[in-house]
Amino acid sequence: MNNKETPSKLKPVILTCAQPTGNLTLGNYLGAIRNWSEMLDDYQCFFGIVDLHAITVPPKPAELRQNVYSCIAQYIACGLDPAKCHQFVQSHVIGHTELAWILTCMTPIGELQRMTQFKDKAAKLGFKVAEDKDSGDVKFSHEKMRAQASINAGLLCYPVLMAADILLYNADLVPVGEDQRQHLELCRDLAGRFNQKYSETFTIPEPYLAKAGARIMSLIEPVRKMSKSDDNERATLYVLDDPNQIKKKIGTAVTDSGSEIKLSKEKPGVSNLLTIHSSLSGISIENLESHFLGKGYGELKAEVTELLVETLKPVRESYQELIKDKSYLDAVLKAGSEAAQKRAFKILSKVQRKIGLPERARN
Ligand code: AMP
Ligand code: TRP
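Residues numbered from 1 in each chain as written. Chains lettered and ligands numbered in written order. Predicted model: local features only at pLDDT ≥ 70, side-chain atom pairs only at ≥ 80, totals over all residues. Heavy atoms only, no water.

Undergrad: Describe the state of the cysteines, with residues and values.
TA: One way to say it: the disulfide is the covalent bond shared by the sulfur atoms of two cysteines. Considering all chains together, one arrives at zero disulfides under this definition. There is no disulfide at C45, and the cysteine sulfur nearest it, in C85, is 6.3 Å away. With a relative accessible area of 2%, C45 lands in the buried category. (Disulfide = S-S within 2.5 Å. Buried < 20%, exposed > 50% of the residue type's maximum accessible area, 1.4 Å probe, protein only.)

Have a look at this one:
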């Protein structure tokens, strides 16, 4: 057998994952998915739908199942061509939870308790979080601690599962949003620790940062990021919104006092609309500012609406076709999971061997 591999000739591996929750926003599209779709030719791309992460806050079973289909259909509709990348469901690939367990046994609890997202989630569940300044220890208390209130261990261990998602593929690059940077740091630490203890095994993944300027803000409170979980439905544009919804939402989008159309900290609403325009039209902000000189907010909104309708129409139409065709979506996920599994098994077996788990007899 020729076991000489030529990794330098292979394209670098990009991996990213998203939870199958809800519909994709314009922020997801412009800040993430559209960029990924431009990378398909230059990288080996793995995109995971992380259903095991989604159960840390248990959804209704039927909803979870439907969300996975909806998620893959939206990805494809947004331009992630299944012929050029591997799209898989996390629970379909053996290795994520196996590696997560191995890494869990190498992760101090304190490191997980100090994760910003964990502390935020605990606080949302009503826990008081106190950090000892000297030792860095984190204490959680809840008045109903001994009654029904508790944080499940999955929420705590979530970043380790995320580390496993990445290391299982020896990913070179991981596109993540700012809120996931700390989790990626933990992943890098774990990979380094493992390599040091058991010899070189994992690639240390690098974060992949989106191009500047693609941060899309809430339409109602433009100083905050546009987010899936906004209570105000006018604040968020979804890629599946129809022309009417787009028109209404851009119509009620907050603008700023004055009438000048320019990018400025004092004009977050107008700046956001300019950013959306520029991202969709490809015209630089500078040129847009000259284009809108002497024109009013109404004209800016009309152009943004038109661009959105034009861009999102094919996405919505393609989604509507895809979501009806479950067998096609199943076939995409099957092919994606098989490719993912092939890579994952190699790395998992290597890890298992290195830490001394006995190999299975072959026959
Ligand atoms: P999330 O929806 O927070 O899980 O984010 C998934 C991906 O979309 C991440 O890579 C984020 O950086 C990107 N993303 C989410 N919201 C926005 C936004 N408002 N503007 C730009 N990118 C975003
Ligand atoms: N934790 C990420 C989020 O909530 C999703 C995620 C899970 C992920 N595993 C990953 C992202 C691996 C990148 C790589 O957004």
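Alright, that's what it looks like, and here's the rest.
Undergrad: Account for the site of ligand 2, naming residues and giving values.
TA: C17, Y158, M162, D165 and Q180 are the nearest of the 13 residues found near ligand 2. The contact in question runs from a nitrogen atom of ligand 2 to an N or O atom on the side chain of D165, over 2.7 Å. At 3.0 Å from a nitrogen atom of ligand 2 is found a side-chain nitrogen or oxygen belonging to Q180. The protein chains hide 89% of the 370 Å² of surface that ligand 2 would expose on its own. If you list the elements that add at least two residues to the shell around ligand 2, you get strand 1 (13-18) and helix 7 (153-167). (Near = heavy atom within 4 Å. Polar contact = N/O pair within 3.5 Å; in protein donor to acceptor, adjacent residues only side chain to side chain. Areas by Shrake-Rupley, 256 points an atom, 1.4 Å probe, with all protein chains shown as cover. Helix = DSSP H or I, 4+ residues; strand = E, 2+ residues; numbered from the N terminus.)

Undergrad: Help me get a handle on the confidence of the model for the chain, residues and values and all.
TA: Looking at the chain, pLDDT values average 92 and 94% of them are 70 or higher. Note on residues 1-8: pLDDT under 50 across the span, and zero contacts to partners over four residues away in sequence or across chains. (pLDDT = per-residue confidence, 0-100. Contact = heavy atoms within 4.5 Å.)

Undergrad: Tell me about unusual backbone geometry, and name the residues and values.
TA: Residues other than glycine predominantly adopt negative phi, and peptide bonds predominantly adopt the trans conformation. Phi at N170 takes a positive value of approximately 45°, unusual for a residue other than glycine. With respect to the helices and strands, N170 occurs in the loop between helix 7 and strand 6 (173-175). The phi dihedral of S199 falls on the positive side, at around 85°, and the residue is not glycine. Its place among the elements puts S199 in the loop between helix 8 (181-198) and strand 7 (206-208).

Undergrad: Describe helix 3 (residues 61-77), listing the residues and the values that go with them.
TA: Two residues of an α-helix separated by three or four positions point the same way, owing to the 3.6 residues in each turn. For helix 3, which comprises 17 residues, the first-to-last C-alpha distance of 25 Å matches the rise-based estimate of 24 Å (1.5 Å per residue) to within 8%. Here helix 3 has its buried residues at L64, V68, Y69, S70, C71, I72, A73, Q74, Y75, I76 and A77. Positive backbone phi, at 115°, marks G79, one or two positions downstream of helix 3. (Expected span 1.5 Å × (residues − 1).)

Undergrad: How would you sum up the pattern of salt bridges? Please name residues and give values.
TA: All told, the structure shown has 11 salt bridges when counted by the stated rule. Measuring nitrogen to oxygen at the nearest pair gives 3.0 Å for the salt bridge that ties R224 to E221. Accessibility expressed as a relative area gives 38% for R224, which makes it partly exposed. A residue is classified by how much of its surface remains accessible, and E221, at 38% relative accessible area, is partly exposed. A salt bridge links D230 to R224; the nearest nitrogen and oxygen atoms lie 3.3 Å apart. Sharing partners across several salt bridges, the network here consists of E185, R188 and E206. (Salt bridge = Lys/Arg side-chain N within 4 Å of Asp/Glu carboxyl O.)

Undergrad: So what's going on with the packing of helix 7 against helix 8? Residues and values would help.
TA: With their axes 9 Å apart at the nearest point, helix 7 and helix 8 run at an angle of 65° to one another. As for how helix 7 packs across helix 8, the hand of that crossing is right-handed. Counted together, Y158, P159, V160, M162, A163, I166 and L167 of helix 7 and H183, L184, L186, C187, L190 and A191 of helix 8 form the full contact between these two elements. When grouped by side-chain class, the residues that make up the contact of helix 7 with helix 8 number 12 nonpolar, one polar and no charged. (Axes fitted to C-alpha atoms, helices over the stretch in contact; angles between N-to-C directions. Left-handed = near helix turned anticlockwise from the far one by under 90°. Nonpolar A, V, L, I, M, F, W, Y, C, P; charged D, E, K, R; others polar.)

Undergrad: Let's hear about the packing of aromatic side chains: which residues, and what values?
TA: Using the criterion set out here, one finds six aromatic pairs in the structure. Between the aromatic rings of F46 and Y169, the centroid separation amounts to 5.3 Å while the plane-to-plane angle is 35°, which identifies the pairing as tilted. Linking F46 in strand 2 (residues 44-49) with Y169 in the loop between helix 7 and strand 6, this pair joins segments that are 123 residues apart in sequence. Across the pair, Y169 and F46 agree in class, each one buried. Members of the aromatic cluster, joined through ring pairs, are W36, F47 and Y75. In this arrangement the basic side chain of K121 is found over the ring face of Y158, its NZ or CZ atom lying 4.7 Å from the centre. If you follow K326 out to its NZ or CZ, it ends over the ring of Y69, 5.0 Å from the centre. (Phe/Tyr/Trp six-rings, centres within 6.5 Å; stacked < 30°, edge-to-face > 60°. Lys NZ or Arg CZ within 6 Å of the ring centre and 35° of its normal.)

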